[in-house]
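Residue strings, one per chain:
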Protein chains: 2
Amino acid sequence: MRLSKFFLPTLKETPAEAQIASHRLMLRAGMVRQQSAGIYAWLPLGLRVLNKVANIVREEQNRAGINEILMPTLQSADLWRESGRYDDYGQEMLRITDRHKREMLYGPTNEEMVTDIFRTYVRSYKQLPVNLYHIQWKFRDEVRPRFGVMRGREFLMKDAYSFDLDKESAVKSYNNHFVAYLRTYQRMGLKAIPMKADTGPIGGDHSHEFIVLAETGESQVFCDKAWVETDVLENPLVKEKDLQPFVDWATGMYAATEEKHDPANCPVPAENLVTARGIEVGHIFYFGTKYSEPMKAAVTAPGSETVTVHMGSYGIGVSRLLGAIIEASHDDAGIIWPESVAPFKIGLINMKVGDATCDAAAEDLYAKFEAAGVEVLLDDRDERAGVKFADMDLIGLPWQVVIGPRGIANGMVEVKNRKTGEKREVTVAQALAELSA
Amino acid sequence: MRLSKFFLPTLKETPAEAQIASHRLMLRAGMVRQQSAGIYAWLPLGLRVLNKVANIVREEQNRAGINEILMPTLQSADLWRESGRYDDYGQEMLRITDRHKREMLYGPTNEEMVTDIFRTYVRSYKQLPVNLYHIQWKFRDEVRPRFGVMRGREFLMKDAYSFDLDKESAVKSYNNHFVAYLRTYQRMGLKAIPMKADTGPIGGDHSHEFIVLAETGESQVFCDKAWVETDVLENPLVKEKDLQPFVDWATGMYAATEEKHDPANCPVPAENLVTARGIEVGHIFYFGTKYSEPMKAAVTAPGSETVTVHMGSYGIGVSRLLGAIIEASHDDAGIIWPESVAPFKIGLINMKVGDATCDAAAEDLYAKFEAAGVEVLLDDRDERAGVKFADMDLIGLPWQVVIGPRGIANGMVEVKNRKTGEKREVTVAQALAELSA
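Residues numbered from 1 in each chain as written. Chains lettered and ligands numbered in written order. Predicted model: local features only at pLDDT ≥ 70, side-chain atom pairs only at ≥ 80, totals over all residues. Heavy atoms only, no water.

1. Side note on the pairing of strand β1 (residues 32-36) of chain A
Residues and elements named next belong to chain A. Here β1 lies mainly inside the structure; four of its five residues are buried. Across four bridges, β1 lies against strand β2 (residues 39-42) in antiparallel orientation. Considered in β2, the bridge of V32 is made with W42. If you look at the hairpin formed by β1 and β2, you'll find two residues sitting between the two strands, and G38 has a positive phi there, around 70 degrees. (Buried < 20%, exposed > 50% of the residue type's maximum accessible area, 1.4 Å probe, protein only. Helix = DSSP H or I, 4+ residues; strand = E, 2+ residues; numbered from the N terminus. Pairing = 2+ DSSP bridges.)

2. Comments concerning the interface of chain A and chain B
Listed as interface residues are 55 residues of chain A and, on the opposing side, 55 residues of chain B. Each partner contributes to the roughly 4,600 Å² buried at the junction of chain A and chain B, and carbon and sulfur atoms together form 59% of this total. If you sort the residues of chain A by the area they bury against chain B, A:F7, A:R99 and A:Y121 come out on top, with a joint share of 17%. Run the count over chain A and chain B and you get four salt bridges. Here B:R33 ties to A:D116 by a salt bridge, and the two come within 2.8 Å at their closest N and O atoms. (Contact = heavy atoms within 4.5 Å. Buried area = accessible area lost by both parts, 1.4 Å probe. Salt bridge = Lys/Arg side-chain N within 4 Å of Asp/Glu carboxyl O.)

3. Here's the deal with the sheet that holds strand β4 (residues 74-76) of chain A
All names here are of chain A. Strands sit in the order β4-β6-β5 across an open sheet of three strands; the sheet is antiparallel. Every interior strand has two partners, whereas the edge strands, β4 and β5 (94-97), have only one. Going from strand to strand, the sheet's axes swing by 40 degrees on average, the running direction of each strand aside. Examined bridge by bridge, β4 and strand β6 (residues 103-106) share three bridges and lie antiparallel to one another. (Axes fitted to C-alpha atoms, helices over the stretch in contact; angles between N-to-C directions.)

4. Observations regarding the domain arrangement of chain A
Residue and element names in this part refer to chain A. Entries for chain A in the domain assignment read domain 1 (3-334) and domain 2 (344-436). Domain 1 and domain 2 are separated by 38 Å when their C-alpha centres are compared. With 15 residues of domain 1 at the interface, the matching set in domain 2 holds 12 residues. Counting the surface lost from both domain 1 and domain 2, the interface buries some 1,200 Å², and carbon and sulfur atoms represent 60% of this. It is L3, R48 and A333 that lose the most area in domain 1 upon contact with domain 2, and together they represent 39% of the buried surface on that side. Where domain 1 packs against domain 2, one counts three salt bridges. In this structure, R48 engages E375 in a salt bridge whose closest nitrogen and oxygen atoms are separated by 3.3 Å. (Domains from an automatic or database assignment.)

5. Concerning the side chain of A:E60
Residue and element names in this part refer to chain A. Mapped onto the fold, E60 is located in helix α2 (residues 44-63). Overall, E60 belongs to the buried group, its relative accessible area being 4%. Polar side-chain contacts of E60 include one of 2.9 Å to the side chain of R187. Apart from the residues lying within four places of it in its own chain, the contact partners of E60 are A180, R183, T184 and R187. (Polar contact = N/O pair within 3.5 Å; in protein donor to acceptor, adjacent residues only side chain to side chain.)

6. Examining the packing of helix α1 (residues 21-28) of chain A against helix α9 (residues 318-328) of chain A
Residues and elements named next belong to chain A. Direction vectors running N to C along α1 and α9 enclose 105 degrees, while the axes themselves pass 8 Å from each other. Regarding the angle of α1 to α9, the classification is roughly perpendicular. Mapping the contact onto sequence places A21, S22, L25 and M26 in α1 and L322, G323, I326 and E327 in α9. Classifying every residue of the contact of α1 with α9 gives five nonpolar, two polar and one charged. (Parallel < 35°, antiparallel > 145°, perpendicular 65-115°, else oblique. Nonpolar A, V, L, I, M, F, W, Y, C, P; charged D, E, K, R; others polar.)

7. What about helix α5 (residues 111-121) of chain B?
The buried fraction of α5(B) amounts to nine of the 11 residues, a majority that puts the element mostly inside the structure. Among the residues of α5(B), B:E111, B:E112, B:M113, B:V114, B:T115, B:D116, B:I117, B:F118 and B:Y121 are the ones counted as buried.

8. A short note on the side chain of A:D116
Within the secondary structure layout, A:D116 lies in helix α5 (residues 111-121). Accessibility expressed as a relative area gives 9% for A:D116, which makes it buried.

9. Let's talk about the environment of A:I69
Turning to its location among the elements, A:I69 is positioned in the loop between β3 (67-68) and β4. Residues A:I69 and A:R146, 77 residues apart in the sequence, show an inter-C-alpha distance of 30 Å. Residues in contact with A:I69, not counting those within four places in the same chain, are A:V114, A:I117, A:L132, A:Y133, A:H134, B:W42, B:L43, B:P44 and B:L47.

10. Points about the packing of helix α2 (residues 44-63) of chain B against helix α9 (residues 318-328) of chain B
All names here are of chain B. At a minimum axis distance of 9 Å, the contact between α2 and α9 shows a crossing angle of 110 degrees. Regarding the angle of α2 to α9, the classification is roughly perpendicular. Together, G46, V49, L50, V53, A54 and V57 of α2 and V318, S319, L321, L322 and I325 of α9 make up the contact between the two elements. The residue inventory of the contact of α2 with α9, partitioned by class, reads nine nonpolar, two polar and no charged.

11. Concerning the packing of aromatic side chains
Inspection of the entire model under this criterion finds 25 aromatic pairs over all chains. Residues A:Y106 and A:F139 carry aromatic rings whose centres are separated by 5.5 Å and whose planes lie at 50 degrees to one another, so their mutual orientation is tilted. One end of the pair, A:Y106, is in strand β6; the other, A:F139, is in strand β7 (residues 130-139), with 33 residues separating them in the sequence. Of the two residues, A:Y106 and A:F139, both sit in the buried class. For the ring pair A:Y106 and B:Y106, a centre distance of 5.9 Å and an interplane angle of 20 degrees mean the geometry is stacked. Separated into two different chains, A:Y106 in strand β6 and B:Y106 in strand β6 (residues 103-106) make up a pair that spans both. For A:Y106, a relative accessible area of 0% puts it in the buried group. A network of ring pairs unites the aromatic residues A:Y106, A:F139, B:Y106 and B:F139 as a single cluster. (Phe/Tyr/Trp six-rings, centres within 6.5 Å; stacked < 30°, edge-to-face > 60°.)

12. Considering the relation of the copies chain A and chain B
Mapping chain A onto chain B leaves a residual RMSD of 0.0 Å; the transformation is a rotation of 180 degrees accompanied by 0.0 Å of translation along its axis. This pairing of chains is accounted for by a two-fold axis. Measuring from the rotation axis to each C-alpha of chain A, the shortest distance belongs to A:I96, at 3.0 Å. Counting the interface residues of chain A, we find that 100% of their copies in chain B are interface residues as well, pointing to one common contact surface. (Least-squares fit on C-alpha atoms with pLDDT ≥ 70 in both.)

13. Description of the sheet that holds strand β4 (residues 74-76) of chain B
By way of backbone hydrogen bonds, the strands of a sheet pair with one another, either parallel or antiparallel. Residues and elements named next belong to chain B. Overall, antiparallel pairing links the three strands, which are arranged β4-β6-β5 in an open sheet. Looking at strand neighbours, the two that pair on one side only are β4 and β5 (94-97), the edges of this open sheet. For this sheet, the mean inter-axis angle between neighbouring strands, taken without regard to orientation, is 40 degrees. As paired elements, β5 and β6 share four bridges and run antiparallel to each other. Residue pairing in the sheet places I96 in a bridge with M104 of β6.

14. Brief notes about empty space enclosed by the protein
Where empty space is left can be seen by rolling a probe of water-molecule size over the atoms. Evaluation of the coordinates by the stated rule reveals two cavities of 30 Å³ or more. The computed volume of the largest cavity comes to approximately 60 Å³. A:Y40, A:W42, A:W137, A:V149, A:G152, A:E154, A:F155, A:S319 and B:P72 together form the lining of the largest cavity. Broken down by secondary-structure element, the contributors of at least two residues to the lining of the largest cavity are β2 and β8 (154-164) of chain A. If you trace the second largest cavity, you find it lined by B:Y40, B:W42, B:W137, B:V149, B:G152, B:E154, B:F155 and B:S319. Of the residues that constitute the lining of the second largest cavity, the class distribution is five nonpolar, two polar and one charged. (1 Å grid on protein atoms, 1.4 Å probe; cavity = no way out; pocket = protein on both sides within 12 Å on 5 of 7 lines; lining within 4 Å. Points joined across faces, edges and corners; volume = space filled by probe spheres on them.)

Quick look at the structure:
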């Protein structure tokens, strides 16, 4: 992509309303624009990252054998009356009346609707387990939306749902999602620690929140320092068909949110206990028959009797993850994207647009990166070099390749690693070979 | 994908509420389920096609140099008061009040919001033209939603917007979108004819609807039979930088919707005039300063004066396109997907699950197609062959490969072309080679 053709409205000033780094940097980098309180438009740079994050979530859901569907944003109030949640949910639910005076709502979550889909089509235990997910916009009418996409009102969420014949198989589904979540966050460069958590309005008695440690975290969390030091996915147990031993081992390392943490009964000695701020990036629940019972989601079991199915639900805040990733990875100059979610891998800076040698070298290298399938943003704007460097640091692409008149006269370009700041002079061919790998 | 793991609830009965073929077939093929009047959940098979259609739209927008953004579904009523459309729009606009009593709406289109984004960031003629699009869910509160996704209330739309310094350059943007649309529909196997059309509530004086001819079309349309016989994209003028000669040539062939058609002044002799039913699959508008004037979207022009920008908007009904494609391509047995939008390229039918030779051959061929990057759906269910054939015809994958005990004993499988019905006995190696190409 050429920056001259790319809608990238970066801001020099720090917007006054932004209190935390991710909000400030997303506004300054031209990723999002607030349209109403807690409601954002995604500009091209932000949308590219949102899609990368969503695609990692999608790939790991698919790999875990979960079927993707897409439920609508608006739901019928009657469905929520069946579960009893319509009246319970309070003012965070955006209630809507259509032209025929039918009561509807903008879905904050989808347990009722997916249960309705399940009961329509599934009749026999032979069709179980059923695992469905979707990635769709949700709405929660927060009293005070803030922190940018971290606590917005309209937000993108992946929510998955499992249906099983009994608790034993439901726990297998739960474990499957548990591992899928660990893989998902790791691919985004995040360390997310599963912590015992309260279940809130979703309900159920078995639940973990996945928490990223960050100074700007919204809540206090506690964990064994082993969590910080261990790459749990390296344990060979994660490759077993039965995931229970792996989950037992992983959750055997203590980790709990403030609500669940009991200092008097904490099993970890003080010197091994990490006390930190955390950002919730996912929440998984097993809640048995809480929805299937009132909504009559049942199947015929092997002995011909009718059995109410056991359910779980599994949520990842996709848009919120962008905020969490930036909180975990930025410096004073701007964002530092992990390569897996970067909007482009390389920022190619032509320091002197109009100089025939620089232009030719930039165009040549740009064409070669594109031909190699590498995502590259060419800064071909007629701007001062200082503006270009500042913008490129701000938007945080993992690699910068700088073409200047002096270097290119000797066939050399500068390659900068955005994360380490390391700069090296290399030949054009080397830059191409190293960064196309 | 294995059918035993794929949530595909096909129906034997024809649902009573479905009046047209596409609605009937999408329900029977387990593509969608109605959740409320005119509001659908997309099941795995339907979602795969929806994503393919959306991706073709996206690729052709990107190829035309249009920048992708993503605006939210909910908008502030105040924005629509600026343009004067809030009161004009009538009951099709879904009006919403949030917990702080702020008036909002579920966007039926985005002229106001995108103009607001434009005026925030763009100050100079040097930044023009600006072309932005998004693919997002919209809501129109139809009095009588019907025909499935063809006239739903919550629907997926691609809407693009152009901003130019004057009418002359705005027409260039219009022409660019005009050609992008022709390419988009052609890639989906559709012949969509641009017809002069009324502008309706969007406004403006220059507009074309893109219409697919189909017996079940919602409106009467008229065109020169040259349109039916010509592949307009083969005209070399379409490759010129200035697209005006191409657009002049194409629109020189008569085509008009009923509202614009005047039999008394029709330039086409009766023997060359096609009178048919049509389905609208896109609508493009140039409307000058209708929104930019009241909303003060202006830039500094070369002579330092402030100039109000000229705008156009360009819509494709993405979810509705699935209905149009099925109306144009089905038979009594089911859907016939064009390969570019098919949910899978190949349906691999193991006729005798449990037979060791059939199972081994099916697994082997399945693994080889997957390794070749071919999208294949393996029917590994323990069902009668008749059920499998009927389901495979119903869901309309372009190719069927049938593995039966007699054939496979001699190393042969049957390859069926869903569109022509042609069946051939070939070796396993031939099937693999031909269909992986």
